[in-house]
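The lines below spell out each chain.
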Amino acid sequence: MQVKSKLLFLSSLILIFVINLFAGSIDPYFYTVIIYIGINIILATSLNLINGYTGQFSLGHAGFMAIGGYLSIALSTYFAPFFQNTFGTGVFGEAITFIIVLLAGGTAAALVGLLVGVPSLRLKGDYLAITTLGFAEIIRVVIQNMDVIGASQGFRGVYIYNNGVKAPQMVQDLGEMSNIFYAVPKFTNFFWTFLFVAIIIYYVHNLINSTYGRGFLSVKDDEIAAESMGINTTKFKVSAFVSGAFFAGIAGVLYGHFNLYLNPEDFNFLKSVEIVVMVILGGMGSMIGVIIAAVLLTILPEFLRSVSEYRMIIYALLLIIMMLTRPQGLFGFKIKRKKL
Amino acid sequence: MRFGGLTCVDKVSTVVENHELVGMIGPNGAGKTTVFNMITGVYDPTEGDIVFNGESIVPYKPYEVSAKGISRTFQNIRLFKSLSVKDNVRVSFIKNIKSKYFSSILQLGKFSREEKEIDKRIDELLEMFDLLHEKDEYASSLPYGDQRKLEIVRALATSPKLLLLDEPAAGMNPTEKVDLMNLIKKIKELFDISILLIEHDMKVVMGVCERIFVLEYGKKIADGKPEEIRNDEKVIQAYLGDTHHI
């Protein structure tokens, strides 16, 4: 079983690499949708670890995504000359640069996750949801007011002047002085996106199916019993939260380096809700269900372009119908009761 | 132990020796479960001390108390409902395993061997309690008696030195009760542990326990061998009432 999952992981990596070779011939529109599907799978699966498996209702996933996204594009633009001089501009050099910004984005999100998680995971249910929601809004508002990353106008790159001044907009006083514009580099492609899709599926699957990982499920089921059986529930909750935040950060990095433009409004409350909807629709704690829900909810808006203003209404209706007919989610398991 | 102005358990002191099977009895609301909650760290006693193996365990959290070697079952069954029978027991092994977070994901080192070892030990424990045929069922789908037994298995899997059983025979019929009590005696010998149990059924308690202490309104009113308790005036009063008031 364990050898099998490793083999499956490695072969999927090779498959991703091979498909990536033909990525150029895919229609750009479909290509974009496919990348978004990948990013949403990463977001939904990482949130599933927190909400689904560990049972801690977090509504702040967009906040972690924003941290990863903004930090990474700031790095890859402000430090573009440094990266280009150190690693070169070849495929290999870009790959190293991207790995560095990916890890930086993920780590920053994870660290913030730790800071937010330690105090707020003492709360339960609605209170935790409100706290995480508030946190995500704080992140968004802070970004909205940070001029170095474009504030509310969004961030697409940096002007670097001869005298060393760096700014996301043209500086009028220095207009005469020559400058170079460093746009956000388009690092994200099929390979990187689905590399991380494979990693997070492997990560969560192996974790949850190990003896240690069963601890997460026990925390969800009954904290008092888990604690009495020697489980440090706080540690489990925080570690789920932090690793969820890490992958949300990674998703933010991928998103930023694909879109080449980030706006604080990309990470508003609705984005968090969208990810939560994916998890609930797929079935809390069902890996396959959440992945399928992520795919469906990425494609669905494409078909609903003409009525895009009503997207959230459709989501709400979907959820209500779900709650009435299949409360355990599309693919969630139902606890079977043996007939006595 | 006080909750606000209410003194729930007042100056209860007793000693559980090594390999001793002690019963704790008392009318409803006497504070028996509260005593358990204080021992396991769910509540911190407002006064007094709890010493285990020569060390005060008052400042410890429940999971730390469990690490010290005290395990318990619950009066109102608290199994992990969405986990299988096997996984319910598996959770108890977590505190002792070497493969933690990242080695479980990357399946490094002794991971596979350790998982196999745990699987084997779970099977052995379930076999001993005649639950092996139900190992893949959800815990919540088990019949009531088996759920109670599974709670004991889960507590034993943490390899405790002291086992606290909170009404293990509640809701069972007399034959089941006798079987369970024999099982508890067997566990004590087999696992070489001390047991403190709460039970309402006098017959059962008298039959199995080596020593009994009685609580009433949070106070200890008697402590001794089953025969002594049977004839103790205060105990009879607590259970049957005072003759003068009838």
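Numbers given to residues run from 1 along each chain, matching the order in which its sequence is written. For this description, chains carry letters from A and ligands carry numbers from 1, given in the order in which they are written. Confidence filtering applies because this is a predicted model: local features only for residues at pLDDT of at least 70, side-chain atom pairs given and counted only at 80 or more, and all residues used for totals across whole chains, interfaces and linings. Hydrogens and water molecules were not included; the side-chain quantities draw on all heavy atoms of the structure.

## Details of the overall build of chain B
Strands here are runs of E lasting at least two residues and helices are runs of H or I lasting at least four, both read from the DSSP assignment and numbered beginning at the N terminus. Secondary structure summary: chain B contains 10 helices and 10 strands in total. Radius of gyration here uses only the C-alpha atoms, and the compact-globule reference equals 2.2 Å multiplied by the residue count raised to the power 0.38. Here chain B has a C-alpha radius of gyration of 19 Å; the compact-globule value for 246 residues is 18 Å, and the two agree. For chain B, the spread of C-alpha atoms along the three principal axes comes to 70 × 40 × 30 Å. Accessibility here uses a 1.4 Å probe with only protein chains present; expressed as a share of the type maximum, an area under 20% marks a residue as buried, one over 50% as exposed, and anything in between as partly exposed. When each of the 246 residues of chain B is scored for burial, the buried share is 53%. Across chain B, the fraction of contacts at a sequence separation of at least 24, relative to all contacts at a separation of at least 6, is 68%. Here the open area of atoms and residues is found with the Shrake-Rupley method and a 1.4 Å probe, where only the protein chains shown may cover a residue. By element, 51% of the accessible surface of chain B is carried by carbon and sulfur atoms, the whole surface being about 11900 Å². Charge convention: Lys and Arg are scored as positive, Asp and Glu as negative, and His as well as the terminal groups of each chain are ignored. Note on charges: their place is set at NZ of Lys, CZ of Arg, CG of Asp or CD of Glu. Charge-centre separation for chain B: the mean point of 34 positive side chains lies 4 Å from the mean point of 38 negative side chains. Contact definition: two residues touch when any of their heavy atoms are within 4.5 Å.

## Some thoughts on a nonpolar patch on the surface
Like-charged residues are merged into a patch within 9 Å and nonpolar side chains (Val, Leu, Ile, Met, Phe, Trp, Tyr) within 5 Å, provided each residue has over 30% relative accessible area and no salt bridge. Definition used for salt bridges: Asp or Glu carboxyl oxygen within 4 Å of a side-chain nitrogen of Lys or Arg. Residues Val307, Tyr310, Ile313, Leu317, Ile320, Ile321 and Leu324 of chain A make up a contiguous nonpolar surface patch of about 700 Å² in total accessible area. A relative accessible area of 48% places Ile313 of chain A in the partly exposed class.

## Structural notes on the sheet that holds strand E3 (residues 21-25) of chain B
All names here are of chain B. Here we have six strands laid out as an open sheet, ordered E6-E7-E8-E3-E9-E10, and mixed in their pairing. This sheet does not close on itself; its edge strands, each paired only once, are strand E6 (70-72) and strand E10 (219-224). Averaged over neighbouring strand pairs, the angle between their axes works out to 20° when direction is ignored. Two strands are said to pair when DSSP picks up at least two bridges between them. Summarising the sheet, E3 and strand E9 (residues 211-216) pair through four bridges and their orientation is parallel. Paired with Val22 across the strands is Arg211, a residue of E9. Simply put, an axis is a line fit to the C-alpha atoms, just over the touching stretch for a helix, and the angle between two N-to-C directions goes from 0 to 180 degrees. Helix H6 (residues 144-156) rests against E6 and strand E7 (162-166) of the sheet, and its axis sits at about 160° to E7.

## Let's talk about the interface of chain A and chain B
By a widespread convention, an interface's size corresponds to the accessible area lost as its parts come together. Taken together, the contact pairs 37 residues of chain A with 39 residues of chain B. When chain A packs against chain B, the two sides together hide about 3500 Å² of surface, and 62% of this comes from carbon and sulfur. In this structure, the connection of chain A to chain B is made through two salt bridges. Think of a polar contact as two N or O atoms within 3.5 Å of one another; within protein, one of them needs to be a possible hydrogen donor and the other a possible acceptor, and neighboring residues in sequence only count if both atoms come from side chains. Counting across the chain A and chain B interface gives 12 residue pairs in polar contact (both at pLDDT 80 or more). For the side of chain A that touches chain B, the secondary structure elements donating two or more residues are helix H1 (2-21), helix H7 (190-208), helix H8 (214-221), helix H9 (223-228) and helix H10 (233-259) of chain A. Buried area: the sum, over both parts, of the accessible surface (1.4 Å probe) that disappears when the two are put together.

## A short note on the pairing of E3 of chain B
For E3 of chain B, the tally of buried residues reaches five of five residues, placing the bulk of the element in the interior. Burial along E3 of chain B is two-sided: Leu21, Gly23 and Ile25 of chain B and Val22 and Met24 of chain B, pointing in opposite directions, are all buried.

## Focus: the packing of helix H12 (residues 287-303) of chain A against helix H13 (residues 311-325) of chain A
Residues and elements named next belong to chain A. At their nearest, the axes of H12 and H13 sit 11 Å apart, and the two run at 140° to each other. In terms of their interaxial angle, H12 and H13 are classed as oblique. For the element pair H12 and H13, the recorded crossing hand is right-handed. Contacts between H12 and H13 pair Leu297, Leu300 and Pro301 from the former with Arg311, Ile314, Tyr315 and Leu318 from the latter. Residues belonging to the contact of H12 with H13 are distributed by class as follows: six nonpolar, no polar and one charged. Here the angle decides the label: under 35 degrees means roughly parallel, over 145 means roughly antiparallel, 65 to 115 means roughly perpendicular, and every other value means oblique. Helix crossings get a hand from a simple test, with the near helix turned counterclockwise from the far one by less than a right angle marking a left-handed crossing and a clockwise turn marking a right-handed one. By the convention adopted, Pro, Cys, Tyr, Trp, Phe, Met, Ile, Leu, Val and Ala count as nonpolar, Lys, Arg, Asp and Glu as charged, and the other residues, Gly among them, as polar.

## Structural notes on the side chain of Thr73 of chain B
Mapped onto the fold, Thr73 of chain B is located in the loop between E6 and helix H3 (85-91). Of the polar contacts made by the side chain of Thr73 of chain B, one reaches the backbone nitrogen of Asp166 of chain B; its length is 3.1 Å.

## Thoughts on unusual backbone geometry
Even without being a glycine, Leu260 of chain A presents a positive backbone phi close to 65°. Tracing the backbone shows Leu260 of chain A in the loop between H10 and helix H11 (269-282). Accessibility expressed as a relative area gives 25% for Leu260 of chain A, which makes it partly exposed. Phi at Asp130 of chain B is positive, roughly 60°, even though this residue is not glycine. Turning to its location among the elements, Asp130 of chain B is positioned in the loop between helix H5 (111-128) and H6.

## Looking at the layout of surface pockets
Residue and element names in this part refer to chain B. Taken as a whole, the largest pocket holds about 870 Å³ of empty space. Lining the largest pocket are 34 residues, with Thr14, Ile39, Asp49, Ile50 and Val51 positioned closest to its centre. Broken down by secondary-structure element, the contributors of at least two residues to the lining of the largest pocket are helix H1 (32-39), strand E4 (51-52) and strand E8 (194-198). Sort the elements by how many residues they give to the lining of the largest pocket and H1 lands first, with three residues. Throughout, the protein atoms alone are placed on a 1 Å grid, and a set of points is a cavity if a 1.4 Å probe fits but cannot get out or a pocket if it is open with protein on both sides within 12 Å along at least five of seven lines; lining residues have an atom within 4 Å of a point. Grid points are joined across faces, edges and corners, and a volume is the space filled by probe spheres set on the points.

## Here's the deal with the confidence of the model for chain A
Residues and elements named next belong to chain A. Confidence of the prediction at every residue is given by pLDDT, a number between 0 and 100. When pLDDT is averaged across chain A, the result is 89; 96% of the residues are at 70 or more. Of all helices and strands in chain A, the one with the weakest mean pLDDT is H13 (83), whereas H10 scores best (96). Counting interchain partners and residues more than four positions distant, the pLDDT-below-50 stretch residues 335-340 has 11 contacts.

## What to know about the packing of H6 of chain B against helix H7 (residues 174-191) of chain B
Residues and elements named next belong to chain B. Between H6 and H7, whose axes approach to 13 Å, the crossing angle comes to 10°. Our classification of the angle between H6 and H7 gives roughly parallel. Judged by residue contacts, Lys149, Ile152 and Leu156 of H6 engage Leu180, Leu183, Ile187 and Phe191 from H7. For the contact of H6 with H7, a count of residues per class yields six nonpolar, no polar and one charged.

## Here we look at H8 of chain A
Extensive coverage of H8 of chain A is indicated by the burial of six of its eight residues. Along H8 of chain A, the residues that are buried comprise Arg214, Gly215, Phe216, Leu217, Ser218 and Val219 of chain A. In this structure, the buried residues of H8 of chain A make contact with helix H2 (28-53), H7, H9 and H10 of chain A together with H3 and helix H4 (101-106) of chain B.

## Looking at the environment of Thr107 of chain A
All names here are of chain A. Tracing the sequence through the fold places Thr107 in helix H5 (residues 91-120). Its relative accessible area of 38% is what places Thr107 among the partly exposed residues. As for Thr107 and Gly289, which are separated by 182 residues in sequence, their C-alpha atoms are 28 Å apart. Within the structure, the side chain of Thr107 is placed 2.5 Å from the backbone oxygen of Leu103, a separation counted as a polar contact.

## Remarks on the nonpolar core
As a rule of thumb, soluble globular proteins bury nonpolar side chains together. Note on terminology: a nonpolar core comprises buried Ala, Val, Leu, Ile, Met, Phe, Trp, Tyr and Cys residues joined through side-chain atoms within 4.5 Å. Within the largest apolar cluster, 155 residues are counted, with the highest numbers of intra-cluster contacts made by Leu254 of chain A together with Val89 and Leu150 of chain B. Sort the elements by how many residues they give to this core and H10 of chain A lands first, with 14 residues. Sequence-distant contacts of Leu254 of chain A, that is, excluding residues within four places in its chain, are made with Ile39, Ile42, Phe98, Leu102, Thr188, Trp192, Thr193 and Phe196 of chain A. With 20 residues, the next largest nonpolar core counts Val9, Phe36, Val65 and Ile198 of chain B among its residues.

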